[in-house]
Amino acid sequence: MNPFIEQALLIKDELINYRRIIHENPEVGAVLPKTKAFVMDKLKEFGYEPTEICESGIVATISGEKPGKTFLLRADMDALPMKEETSCDFKSTNGCMHSCGHDMHTAMLLGAAKLLKQNQDQIEGIVKLVFQPDEEGFTGAKKMIAAGVLENPKVDVMCGLHVEETIDCGSIMVRKGTVNAASNPFNITIKGAG
């Protein structure tokens, strides 16, 4: 088995717990004090020095000894103002709900942060971890960009993800995309076992 998959499997229960903690405590918009504190504490626990570059907008970087490009990984953290009507034992009771999967996005990026730290010697370049507030209100990305999230170091490539209930577990969908198709095309190649 691939060593990265083995490492990921070792933290599976930990990530499930992170997701449930975040799910049970949803916050809406740009002011996410509990979520921000949880993410910052975990990143510090893993050995990062996270910074808040705008209200609840968190950035942490990690680099290896080898030179390379700067790759940004992004997760959104905000919930929606809707009552959760599920029966799960970690359901929200505050009138808000992680109905778009941002609890999973945040937990997955925390998992990536932990795995990157465990394999820091293999990193070529820099990985910038970005935890974004207010994706649902359409202000979080704008505020983070205005605060310089794409600079210092300048981002070469970025990746975000979204969970989708219509896709089978263990599968991924990839969409070709660009910042500017004329000057910055890219293709994604994925290698690995299904």
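Further up the page is the structure itself.
Residues numbered from 1 in each chain as written. Predicted model: local features only at pLDDT ≥ 70, side-chain atom pairs only at ≥ 80, totals over all residues. Heavy atoms only, no water.

Q: Outline the packing of helix α3 (residues 33-46) against helix α4 (residues 102-118), supporting the account with residue identities and numerical values.
A: At their nearest, the axes of α3 and α4 sit 10 Å apart, and the two run at 15° to each other. With respect to α4, the axis of α3 lies roughly parallel. As α3 runs across α4, the sense of the crossing is right-handed. Side by side, α3 and α4 meet where Phe38, Val39, Lys42, Leu43 and Phe46 of the first sit next to Thr106, Leu110, Ala113, Lys114 and Lys117 of the second. Its residues assigned to classes, the contact of α3 with α4 comprises six nonpolar, one polar and three charged. (Axes fitted to C-alpha atoms, helices over the stretch in contact; angles between N-to-C directions. Helix = DSSP H or I, 4+ residues; strand = E, 2+ residues; numbered from the N terminus. Parallel < 35°, antiparallel > 145°, perpendicular 65-115°, else oblique. Left-handed = near helix turned anticlockwise from the far one by under 90°. Contact = heavy atoms within 4.5 Å. Nonpolar A, V, L, I, M, F, W, Y, C, P; charged D, E, K, R; others polar.)

Q: Run through the packing of aromatic side chains, naming residues and quoting values.
A: Enumeration according to the criterion identifies one aromatic pair in this entry. Between the aromatic rings of Tyr18 and Phe38, the centroid separation amounts to 5.7 Å while the plane-to-plane angle is 80°, which identifies the pairing as edge-to-face. Highlighted residues: Tyr18 in helix α2 (residues 12-24) and Phe38 in helix α3, separated in sequence by 20 residues. Of the two residues, Tyr18 and Phe38, both sit in the buried class. One Lys or Arg, Lys117, reaches over the ring of Tyr48 and ends 5.0 Å from the middle of that ring. (Phe/Tyr/Trp six-rings, centres within 6.5 Å; stacked < 30°, edge-to-face > 60°. Buried < 20%, exposed > 50% of the residue type's maximum accessible area, 1.4 Å probe, protein only. Lys NZ or Arg CZ within 6 Å of the ring centre and 35° of its normal.)

Just geometry here; none of it tells us what the structure is for.
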